[in-house]
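# Observations on the model geometry
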Amino acid sequence: MATALITGASAGLGLEFAWQLATARHDLVLVARDEARLEEVAGQVRAAAGVRVQVLPADLSVPDDVARVAERLASTGGPDERPVGLLVNNAGFATQQHFVDGDLDVELRALDVMVRAVLVLSHAAAGQMTERGRGAILNVASVAALTAGGTYAAAKAWVRSFTEGLAVELHGTGVTATVLCPGFTHTEFHDRAGIDKSVLPDLAWLDADRVVATALADVRRGVVISTPSVRYRVASAALRAMPRSAVRAIGKYR
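The sections below set out a description of the structure shown in this document. A quick note: this is a predicted structure, and the numbers were derived from the prediction, not measured. (Residues numbered from 1 in each chain as written. Predicted model: local features only at pLDDT ≥ 70, side-chain atom pairs only at ≥ 80, totals over all residues. Heavy atoms only, no water.)

### Some details on the nonpolar core
The condition that has to hold: To qualify as a nonpolar core, a set must consist of buried Ala, Val, Leu, Ile, Met, Phe, Trp, Tyr and Cys residues joined through side-chain atoms within 4.5 Å. Residue burial is assigned from relative accessible area. The probe radius is 1.4 Å, only protein chains are included, and a residue is buried under 20% of its type maximum, exposed over 50%, and partly exposed in between. What counts as a helix is a DSSP run of H or I of at least four residues, what counts as a strand is a run of E of at least two, and both are numbered from the N terminus. In what follows, a contact means two residues having at least one pair of non-hydrogen atoms within 4.5 Å.
Ranked by internal contacts, the top residues of the largest apolar core, which has 38 residues, are I6, F17, L28, L30, L86 and L138. Looking at this core, the element that brings in the most residues is helix α7 (residues 208–221), giving six residues. Ignoring any residue separated from it by four or fewer positions in sequence, one finds L28 in contact with A4, I6, A18, L21, A22, V45, R52, V53 and Q54.

Right under this line is the structure:
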């Protein structure tokens, strides 16, 4: 996996993926909306790790932008670029609203970024990777996928189910699919979502570096569902075992 493409690479888990992969000597293709921030990250990574970094600004709620990223993923390489061996579908955001009285355009944008873009980019990457007989796709979901936490949870449930099905289809091709299902993690995500982090105990929080390290280790081992930390593996097992009426009664993850 000489080159990795990461969406949502300018902050949070995406930025941590960029640093850990660069440290492991992977060239990078960084995707996010903020071109200035991407260029800043790319400059820092090039200087510190000495790897090649391509900046690909894109708003994944815009079909034409998604198509440009898909074109890069589908490329089998050329004089100035290598084929992508690892796709990290990380981009996503919380809608910060209830569905019924919320802005439908916000919900549609979230659906485009966390579902449609994952579908399109995974399709482009899988085609190129199976042709070469090697590669990996890592889709970021959440433990929230097992809850009844509104449209964010629904989107992450789709990512989880989709990735499991993709892993089945890719079996024996030399290409793997892994879905990362972290719990609450110290990143900018919760600040941007307006979530009051103080209401959660320290035990609930994971560190981004450990989450990413676990995910990349699981990708290397061909693990399909990657859930960092014992406590969230236990929580996930409990959510799967509980009656859905009890899961619904727990409350929302927003």
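Having seen it, we continue.
### Remarks on the pattern of salt bridges
For the record, the criterion: Only one rule defines a salt bridge in this text: a Lys or Arg side-chain nitrogen within 4 Å of an Asp or Glu carboxyl oxygen.
Across all of its chains, the model carries five salt bridges by this definition. Among the salt bridges present, the one from E81 reaches R72, with a minimum N-O distance of 3.5 Å. Assessed through its relative accessible area of 7%, R72 is described here as buried. A cluster of three or more residues bridged by salt bridges with shared partners is formed by D27, R52 and R82.

### Points about the pairing of strand β2 (residues 27–32)
Condition: Any two strands are treated as partners once DSSP identifies two or more bridges connecting them. Handedness of a crossover is defined as follows: with both strands directed away from the viewer, a clockwise route from the first strand across the helix to the second makes it right-handed.
Burial of β2 is extensive: six of the six residues sit out of reach of the surface. Side chains D27, V29 and V31 of β2 all project onto a buried face; the interleaved residues L28, L30 and A32 project onto the opposite face, where all are buried too. Sheet topology note: the strand β1 (residues 3–7)/β2 ladder contains five bridges and is parallel. Bridge pairing links T3 to D27 in β2. Remark: the β1/helix α1 (residues 12–23)/β2 crossover connection has right-handed handedness. Between the parallel elements β2 and strand β3 (residues 53–57), the chain passes through helix α2 (residues 35–49) in a crossover that is right-handed.

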